Amino acid sequence: MEEFAGKTAVVTGAGSGMGKAFALRWAAEGMNLVIGDIQQDALDATVAELQATGTQVAALRIDVSRLSDIEALADLAESRFGKIHLVHNNAGVEGYLDGKIWEATAKDWDWTLGVNLMSVVYGIRTFVPRMLAHGEEGHVVNTCSMTSVIAATNMYGICKHAILAMTEVLAADLEAAGANVATTGLCPGIIATNLFHGSRNRRAEVSNDGPMSASGSELRDHMHAVLSKGMAPSEVADKVVTAVREKKLYLLTDHEWDSRVVARHEAILAGA
Ligand code: ADP
């Protein structure tokens, strides 16, 4: 997409962190905003910020792991603004981190895969047919992760690998269908958001539980040093706008911090 003004963007997880920054950034481009989040207070705060900029906004408290909630968000968008042009499947949680993968219960899988992965499945299922039906230029952004391109260390990483794969399949299917809709897999590095701070705290708690080896301690210090350089969500939002404008399939934000990511990134770009 090149022209944004007067068009409609849907962003999930817009109550905080990156999602909020994306909503504000699209508003700055003159788009109408439709936002969803599970936290009503956070959603209200984002609505107030958007309205203060004169943006037309509609909001709904949703749980992205429920198809009916995603459909309700799409219905709201269409009833308020007619056509949906841009969808950003963004909401997510760290999910299950408590034990080994074989200890995870069906409930742990349902929660983590539901919020992180099925939400994107439902977002594609719900929004893409509506975009194809109106035929105007559209774009789907899926929030993947650095852990989409480096080894997954937990259930969150498994989901994020799958979301990047899903983004690639979606891009191929859209192209094969001759659709006027493009897609981007956003793989943020370390971003200064609640989710990141939550995971840092959680890791610190876990490692303080028992005796830690010197190498474990060094690794933790190293990770904290890396994490403290987290990119601002607004900076990521700027990059998303550019990627959508240029129809980039892959967007990795700050891959310099880890040579493995640089190598993988280059491999992806070479094949793209
Ligand atoms: P990040 O921006 O790094 O992804 P945040 O935790 O700041 O991390 O933002 C994630 C957003 O997703 C939060 O506003 C949170 O309320 C929202 N969210 C989490 N789970 C759900 C869910 N099941 N349905 C809708 N929104 C959710």
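Residues numbered from 1 in each chain as written. Predicted model: local features only at pLDDT ≥ 70, side-chain atom pairs only at ≥ 80, totals over all residues. Heavy atoms only, no water.

### Side note on the overall build of the protein
Here's step 1: Within the protein one finds 9 helices and 7 strands.
Here's step 2: Within the span of the protein, comprising 272 residues, buried residues form 47% of the whole.
Here's step 3: Across the protein, every contact between residues at least 6 apart in sequence was considered, and the portion connecting residues at least 24 apart equals 70%.
Here's step 4: About 12600 Å² of surface is accessible on the protein, with carbon and sulfur atoms providing 53% of the total. (Helix = DSSP H or I, 4+ residues; strand = E, 2+ residues; numbered from the N terminus. Buried < 20%, exposed > 50% of the residue type's maximum accessible area, 1.4 Å probe, protein only. Contact = heavy atoms within 4.5 Å. Areas by Shrake-Rupley, 256 points an atom, 1.4 Å probe, with all protein chains shown as cover.)

### Remarks on helix H4 (residues 106–134)
Here's step 1: The terminal C-alpha atoms of H4, which comprises 29 residues, lie 39 Å apart, in line with the 42 Å expected from a rise of 1.5 Å per residue.
Here's step 2: Along its length, H4 shows its largest kink, about 55°, at Gly114. (Expected span 1.5 Å × (residues − 1). Bend = angle between axes of the 7 residues up to and from the residue.)

### Describing the pairing of strand S4 (residues 86–89)
Here's step 1: Residues of S4 alternate between two faces, with Leu86 and His88 on one and Val87 and Asn89 on the opposite face, all of them buried.
Here's step 2: Inspection of the sheet shows strand S1 (residues 8–12) paired to S4 by 3 bridges, in the parallel sense. Residue pairing in the sheet places Val11 in a bridge with His88 of S4.
Here's step 3: As paired strands, S4 and strand S5 (residues 138–143) are joined by 4 bridges and run parallel to one another. Bridge pairing in S5 places His88 opposite Val141. (Pairing = 2+ DSSP bridges.)

### As for the environment of Met18
Here's step 1: Relative to the elements of secondary structure, Met18 occurs in helix H1 (residues 17–28).
Here's step 2: Judged by relative accessible area, Met18 falls into the buried class, the value being 15%.
Here's step 3: The contact partners of Met18, leaving out residues within four places of it in the chain, are Asn90, Thr143, Pro188, Ile191, Thr193, Pro233 and Val236.

### What about the site of the ligand?
Here's step 1: If you check the shell around the ligand, you find 18 residues, and the closest are Ser16, Met18, Asp37, Gln39 and Thr193.
Here's step 2: With respect to the ligand, the side chain of Asp63 contributes an N or O atom lying 3.0 Å from a nitrogen atom.
Here's step 3: Between Val64 and the ligand, the recorded distance is 3.0 Å, taken from a backbone N or O atom to a nitrogen atom.
Here's step 4: Isolated, the ligand exposes 570 Å² of accessible area, and the fraction of that covered by the protein chains is 91%.
Here's step 5: Grouping the amino acids of the shell around the ligand by side-chain chemistry returns 8 nonpolar, 8 polar and 2 charged. (Near = heavy atom within 4 Å. Polar contact = N/O pair within 3.5 Å; in protein donor to acceptor, adjacent residues only side chain to side chain. Nonpolar A, V, L, I, M, F, W, Y, C, P; charged D, E, K, R; others polar.)

### Quick look at the pattern of salt bridges
Here's step 1: Taken as a whole and assessed by the stated rule, the structure comprises 9 salt bridges.
Here's step 2: Among the salt bridges present, the one from Arg25 reaches Asp238, with a minimum N-O distance of 2.6 Å. Placement of the pair is Arg25 in helix H1 and Asp238 in helix H8 (residues 233–245), with a sequence separation of 213 residues.
Here's step 3: The exposure class of Arg25 is partly exposed, given its relative accessible area of 22%.
Here's step 4: In this structure Asp238 comes out as partly exposed when scored by relative accessible area, which is 38%.
Here's step 5: With a shortest N-O distance of 3.5 Å, Arg66 and Asp69 are connected by a salt bridge.
Here's step 6: Using a relative accessible area of 16% as the deciding quantity, one classes Asp69 as buried. (Salt bridge = Lys/Arg side-chain N within 4 Å of Asp/Glu carboxyl O.)

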